[in-house]
Amino acid sequence: MSYLMSILMGLIQGVAEFLPISSSGHLALFQAFFGVEDVEANHMLFTVMLHFGTFISVCVVYWRDIVAMIREFFLGIAALFSRQGGKSAPPPERRLVLLIIVGTLPLLVMVFLKDYIDQLFVNSIPVSLMLLITGFILFFSDRLSRGRKTAKNTKLTDGLLIGCAQAVAVIPGISRSGATISSGMMLGLNRDFAVRYSFLLSLPAIVGANILELKDALEAENFAETVVPLLPVYLVGVLVAAVVGYFAIRLVKSLADKGKFGKFAYYCWAVGAVSLVAGILKFYVFA
């Protein structure tokens, strides 16, 4: 892998992970139409490190929330064993911890469907169709009335439904951020909180996926001979993913607050339509 490819993959990861355009969908289309090497298969540790780069982006933007949530997590455990536990409403940060836990649960089901989902990466046509669906989801999200729910009054059932949207978004072409933010708006969440909850909800998902992939990466690759010489190249991609991801999060926050989140729908429709036609020609006409 070259430095140029590392920078390019870091750029794609940083942009597509947070903008509602589906990073997995773009990766699948990129590999299908341009004939590049399967980075995920040949450089598994690199894909893990790229996700870590976007993990850093979320932590930098929402570090205050994360620190407060960690504090409230332990205070909540202490409250369970105290005489005062349960007698007063939990603070918003503690409720946010509960919402993230509940929202992460649907992903556990998708672990058992991983082999079936991986097969969708082979054919660009279903990926293109999912991008078109993502476009419709984004388009209608802007036309919803502004919600008022925050961490104080968002129900656990709301968190579970948003978590289901995140689970469905493991299908390539369905944007994770687009599905979770839009579903949050549909459930009446304040636009700012819908974005904040979506990105904080991504943290356990990224950590869980990295743990699973890291084990496979270390088993599949001869670390000393093939990985160590490439670590400087990998680190450049991680840095690019982290920096680009930071600005991508800021952009999504700004557009969602201005009611322009649905502008990404036109991009998803354009890419989905072009790739759908190209996929049909490739697989059924010129095959």
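The structure reproduced in this document is the subject of the present report. (Residues numbered from 1 in each chain as written. Predicted model: local features only at pLDDT ≥ 70, side-chain atom pairs only at ≥ 80, totals over all residues. Heavy atoms only, no water.)

Examining a nonpolar patch on the surface
- Where nonpolar side chains cluster on the molecular surface, the patch consists of Ile70, Phe73, Phe74, Ile77, Leu80, Phe81, Leu98, Ile101 and Leu156 and spans about 940 Å² of accessible area.
- For the nonpolar patch, the secondary structure elements donating two or more residues are helix H5 (63–80) and helix H6 (92–111).
- The greatest single-element share of the nonpolar patch, amounting to five residues, is contributed by H5.
- Mapped onto the elements of the fold, Ile101 is located in helix H6.
- Given a relative accessible area of 44%, Ile101 falls into the partly exposed group. (Patch = residues over 30% accessible without salt bridge, like charges linked within 9 Å, V, L, I, M, F, W, Y side chains within 5 Å. Areas by Shrake-Rupley, 256 points an atom, 1.4 Å probe, with all protein chains shown as cover. Salt bridge = Lys/Arg side-chain N within 4 Å of Asp/Glu carboxyl O. Helix = DSSP H or I, 4+ residues; strand = E, 2+ residues; numbered from the N terminus. Buried < 20%, exposed > 50% of the residue type's maximum accessible area, 1.4 Å probe, protein only.)

A closer look at a positive patch on the surface
- On the surface, a cluster of positive charge is made up of Arg143, Lys258, Lys260 and Lys263.
- Secondary-structure assignment places Arg143 in the loop between helix H8 (124–141) and helix H9 (156–168). (Lys, Arg positive; Asp, Glu negative; His and termini not counted. Charge placed at Lys NZ, Arg CZ, Asp CG, Glu CD.)

A look at the side chain of Thr180
- The topology assignment puts Thr180 in helix H10 (residues 176–186).
- Taking the relative accessible area as the measure of exposure, Thr180 reaches 1% and is therefore buried.
- Among the polar contacts listed, one links the side chain of Thr180 to the backbone oxygen of Ser177, at a separation of 3.3 Å.
- A polar contact is formed between the side chain of Thr180 and the side chain of Ser198, at a distance of 2.6 Å.
- Those residues in contact with Thr180 that lie beyond four places of it in its chain are Ile162, Gln166, Ser198 and Leu201. (Polar contact = N/O pair within 3.5 Å; in protein donor to acceptor, adjacent residues only side chain to side chain. Contact = heavy atoms within 4.5 Å.)

Side note on the environment of Ile7
- Tracing the sequence through the fold places Ile7 in helix H1 (residues 3–18).
- As a C-alpha pair, Ile7 and Gly237 span 230 residues in sequence and 4.9 Å in three-dimensional space.
- For Ile7, the contacting residues outside a window of four places in its chain are Val236 and Val240.

With respect to the packing of H6 against H9
- One way to put it is that H6 packs onto H9 with a least axis distance of 7 Å and a crossing angle of 35 degrees. At the point where H6 passes H9, the crossing takes the right-handed sense. From H6, Leu98, Leu99, Val102, Gly103, Pro106, Leu107 and Met110 reach across to H9, where they touch Leu156, Gly159, Leu160, Gly163, Cys164, Gln166 and Ala167.
- Classifying every residue of the contact of H6 with H9 by side-chain character gives ten nonpolar, four polar and no charged. (Axes fitted to C-alpha atoms, helices over the stretch in contact; angles between N-to-C directions. Left-handed = near helix turned anticlockwise from the far one by under 90°. Nonpolar A, V, L, I, M, F, W, Y, C, P; charged D, E, K, R; others polar.)

Side note on the packing of aromatic side chains
- Inspection of the entire model under this criterion finds twelve aromatic pairs.
- Measuring from ring centre to ring centre gives 6.4 Å for Phe261 and Phe264, while their planes differ by 70 degrees; the resulting arrangement is edge-to-face.
- On the basis of relative accessible area, Phe261 is assigned to the buried category, the value being 0%.
- For the pair Tyr266 and Trp269, a centre-to-centre distance of 5.6 Å together with 90 degrees between the ring planes defines the contact as edge-to-face. You can see Tyr266 and its partner Trp269 sitting in helix H14 (residues 264–285), three residues apart, about one turn around the helix. (Phe/Tyr/Trp six-rings, centres within 6.5 Å; stacked < 30°, edge-to-face > 60°.)

Quick notes on the nonpolar core
- Tyr62, Leu96, Tyr197, Phe199 and Leu200 are the most contacted members of the largest nonpolar core, which has 39 residues in total.
- Looking at this core element by element, the count peaks at nine residues for helix H11 (residues 191–220).
- Setting aside anything within four residues of it in sequence, one finds Phe199 in contact with Phe18, Val58, Tyr62, Arg176, Ser177, Ile249 and Val252.
- Met5, Leu230, Tyr234 and Ala241 belong to the second-largest nonpolar core, a separate cluster that totals 13 residues. (Core = buried A, V, L, I, M, F, W, Y, C linked by side-chain atoms within 4.5 Å.)

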